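Overview (structure and organization)
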2 protein chains.
Amino acid sequence: MNFGSSLVEKAVEEFSRLPGIGKRTALRLVLHLLNQEEVEATAFGEAIIKLRKDIKYCEQCNNISDLDICDICSDLHRDHSIVCVVEDIRDVMAIEHTQQYRGVYHILGGIIDPMNGIGPGDLKINSLLAKFATNEIKEVILALSSSMEGDTTSFYLYKKIEPHQVPVTIIARGIAVGDELEFVDDVTLARSIINRTPYESVLTTK
Amino acid sequence: MNFGSSLVEKAVEEFSRLPGIGKRTALRLVLHLLNQEEVEATAFGEAIIKLRKDIKYCEQCNNISDLDICDICSDLHRDHSIVCVVEDIRDVMAIEHTQQYRGVYHILGGIIDPMNGIGPGDLKINSLLAKFATNEIKEVILALSSSMEGDTTSFYLYKKIEPHQVPVTIIARGIAVGDELEFVDDVTLARSIINRTPYESVLTTK
C-alpha cells in the first residue's frame, strides 16, 4: 500500500506489529489519531514510552507496580503465608476481581511451552522456590491455565516444591457456573465427578 | 479494573480511546508492549508523536504528505485537468490501488452529515471551487460513498460546481464484479439498468 507519507507508513507499521491488528485496522487507527488534537496524540505516544521506561516489577511477586513492592505484597492485611502462582498479571486481575482471595501472588511471567522455546529457565521459578527458605509459606496454590502447557508447568512446579514440604493445591477444574451438562466435554465432566466436593462448600461460597 | 500500576492504567485508557478497542483488548496490547524491548516500545510511542506533530497536508489536494505538495500533485505525468473528489485519504489509496486513474484528487475531509453536526463549512469545498478560477479543469469526478450522506454531498457539490460550467461526472453505481443478480438490492439493480453502458466499455477496461 502507498500511504503518500512516510510518517503514516511508519505509524501503520508500528500499529500492525501489535497482536491482532492488521494493516487495515492499523491505518484506521492512524487516521483516527490524525483527526485528534495534537495534544491528545502526544499524550498517547508519551503514555506508551513512559509505560515501558518507568514500569517496575514487584521484587516479591513480580507483579507490575509503580513502587519496588506492589500494593498487594505491601498490604499487611493480606495473608502472606499463602502464595497463588499465576502465569501473568491478567490472572492476578481476574482473581482479584472475584474478591475471594486474600493471600499473595507469585507471577511466573509465562508457562513452560517447548513449542515456543520457553523452558523453566525463562520463568521466575527460582524466586518462587527461594520463598520456602524461611518456612513462612503454609500453602502454594497453582492457578495456571488448564492447557497442556499449563498442566505441564503445574506438574513441574509441584515436583520442585515437593522437597520443601509445603502443601501444594491446584484450583478446581470442573463445570463452569451456568454450563449445561450435556455440552461439557468428557475430560472436564470426568474430572468434575472425581473431584466432587461436599455440598456444604457450595452453600458457603455463594 | 485495578491494574496495580498507574502507568498501565494510563496506557490502557489511551488505547481504549481508539475506535473499536475496548478495555480488554487495550490491556492485551499494553501487556504485549511491556514484553517488548524498551527500544521497540519507544519507537512505537515516538512514531505516534511524530505522526501528529510533523504531518503535512498537500496545499493543493489536502492529501497527507511529507512535503507541502503531495507526490500525486507534484507528478507532472498526471493529468491535472481532471479532479477526483473523495471523502478521505483511504479513498485515494483505494483508487490508486486500481491503477486506472491518472488525474489528481481533491480530499474533502468528510461528507455532509447533519446528524453528526458536519455541514458544508466543515469540508474543504471552497478550495475545490477555487480551482475552477483558472479554467484549467476539464472534469470533476465525484467519488463519494453511495450512502444518503454521500449522495447529499454529491448533489451539494454538483450545485456549487454548476455555475463554473465544468463537466461533473459521478463514479458508476451498479452491480459489483462477482455479484449474483438475484441477491442484489432493487435500487442498485434499477440503477444498473438505467445507467447501462455500451458493451465495448467492458472489453476495454479489462
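Rules behind the numbers
Residues numbered from 1 in each chain as written. Chains lettered and ligands numbered in written order. Predicted model: local features only at pLDDT ≥ 70, side-chain atom pairs only at ≥ 80, totals over all residues. pLDDT = per-residue confidence, 0-100. Helix = DSSP H or I, 4+ residues; strand = E, 2+ residues; numbered from the N terminus. Buried ≥ 20, exposed ≤ 12 C-beta atoms within 10 Å, placed from the backbone. Pairing = 2+ DSSP bridges. Contact = placed C-beta atoms within 7 Å. Nonpolar A, V, L, I, M, F, W, Y, C, P; charged D, E, K, R; others polar. Axes fitted to C-alpha atoms, helices over the stretch in contact; angles between N-to-C directions. Least-squares fit on C-alpha atoms with pLDDT ≥ 70 in both. Expected span 1.5 Å × (residues − 1). Arc of directions from axis to C-beta. Domains from an automatic or database assignment. Parallel < 35°, antiparallel > 145°, perpendicular 65-115°, else oblique. Left-handed = near helix turned anticlockwise from the far one by under 90°.

Some details on the confidence of the model for chain A
Caution applies to low-pLDDT parts of the model: their predicted coordinates are not meant to be read in detail. Confidence along chain A averages 88 in pLDDT terms, with 98% of residues attaining 70 or more. Per-element confidence in chain A is highest for strand β4 (residues 103-107) of chain A, whose mean pLDDT is 94, and lowest for helix α8 (residues 199-204) of chain A, whose mean pLDDT is 71.

What about the pairing of strand β5 (residues 139-142) of chain A?
Residue and element names in this part refer to chain A. Burial of β5 is one-sided: the residues Val140 and Leu142 facing one way are buried, the residues Glu139 and Ile141 facing the other way are not. The sheet contact formed by strand β3 (residues 79-86) and β5 spans 4 bridges and is parallel. The residue of β5 that forms the bridge with valine 85 is leucine 142. Inspection of the sheet shows β5 paired to strand β6 (residues 168-170) by 3 bridges, in the parallel sense. Counted as the bridge partner of isoleucine 141 is threonine 169 from β6.

A word on the interface of chain B and chain A
If you look at the interface, chain B gives 46 residues, while chain A gives 47 residues. Mapped onto the side of chain B that touches chain A, the elements with two or more residues apiece are α1 (6-15), α2 (23-35), α3 (38-54), β2 (64-65) and α4 (89-98) of chain B. Here the side of chain B that touches chain A takes 15 residues from α3(B), the largest share from any one element. The class makeup of the residues in the side of chain B that touches chain A is 23 nonpolar, 9 polar and 14 charged.

Describing the sheet that holds β5(A)
Residue and element names in this part refer to chain A. Ordered in space as β4-β3-β5-β6, the 4 strands form an open sheet in which the pairing is parallel. Each edge of the open sheet carries a strand with a single partner, namely β4 and β6. Between one strand and the next, the sheet's axes are offset by a mean angle of 30°, whatever the strand orientation.

Some thoughts on the relation of the copies chain B and chain A
Of the two same-sequence chains, chain B is brought onto chain A (RMSD 0.1 Å, axial shift 0.1 Å) by a rotation of 180°. With respect to symmetry, the two chain copies, as superposed, fit the operation of a two-fold axis. Closest approach to the rotation axis within chain B is made by the C-alpha atom of Gly45(B), at a distance of 2.0 Å. In this assembly the copies share their binding face: 100% of the residues contributing to the interface of chain B also contribute to that of chain A.

Some words on helix α2 (residues 23-35) of chain A
An α-helix turns once per 3.6 residues; consequently, residues spaced three or four apart project the same way. Spanning 13 residues, α2(A) covers 18 Å between terminal C-alpha atoms, matching the ideal 18 Å at 1.5 Å per step. Turning to α2(A), its buried residues number three or more, namely Leu27(A), Leu29(A), Val30(A) and Leu33(A). The arc enclosing the buried residues of α2(A), seen along the axis, measures out at 165°, which places them on a common side. Along its buried surface, α2(A) packs onto α1 (6-15) and α3 (38-54) of chain A together with α3 and α4 of chain B.

Some details on the environment of Asp68(A)
Residues and elements named next belong to chain A. Among the secondary structure elements, aspartate 68 is positioned in the loop between β2 (64-65) and β3. Aspartate 68 sits in the exposed class, given 12 other C-beta atoms within 10 Å. Through-space distance from the C-alpha of aspartate 68 to that of threonine 197 is 40 Å; in sequence the pair is 129 residues apart. Setting aside residues up to four positions removed in sequence, aspartate 68 forms contacts with Lys56 and Glu59.

Observations regarding the domain arrangement of chain A
The extent of an interface is frequently quoted as the accessible surface area lost upon association of the parts. The domain architecture assigned to chain A consists of domain 1 (6-54) and domain 2 (77-171). Distance from the C-alpha centre of domain 1 of chain A to the C-alpha centre of domain 2 of chain A: 35 Å.

Brief notes about α1(B)
Buried within α1(B) we find Leu7(B), Val8(B), Ala11(B), Val12(B), Glu14(B) and Phe15(B). One face of α1(B) carries all of its buried residues, which in axial projection span an arc of 160°. The inward-facing, buried residues of α1(B) abut α3 and β2 of chain A together with α2 of chain B.

Some words on the packing of α3(A) against α1(B)
Packed helices, taken two at a time, are described by the angle their axes make and the gap between the axes. Look at α3(A) against α1(B): their axes get within 9 Å of each other, and the N-to-C directions meet at 150°. Taken together, the axes of α3(A) and α1(B) lie roughly antiparallel to each other. Helix-helix and strand crossings are classified by hand; for α3(A) and α1(B) the assignment is left-handed. Where α3(A) approaches α1(B), its residues Ala43(A), Phe44(A), Ala47(A), Ile48(A), Lys50(A), Leu51(A) and Asp54(A) are matched on the opposing element by Leu7(B), Val8(B), Lys10(B), Ala11(B) and Glu14(B). The class makeup of the residues in the contact of α3(A) with α1(B) is 8 nonpolar, no polar and 4 charged.

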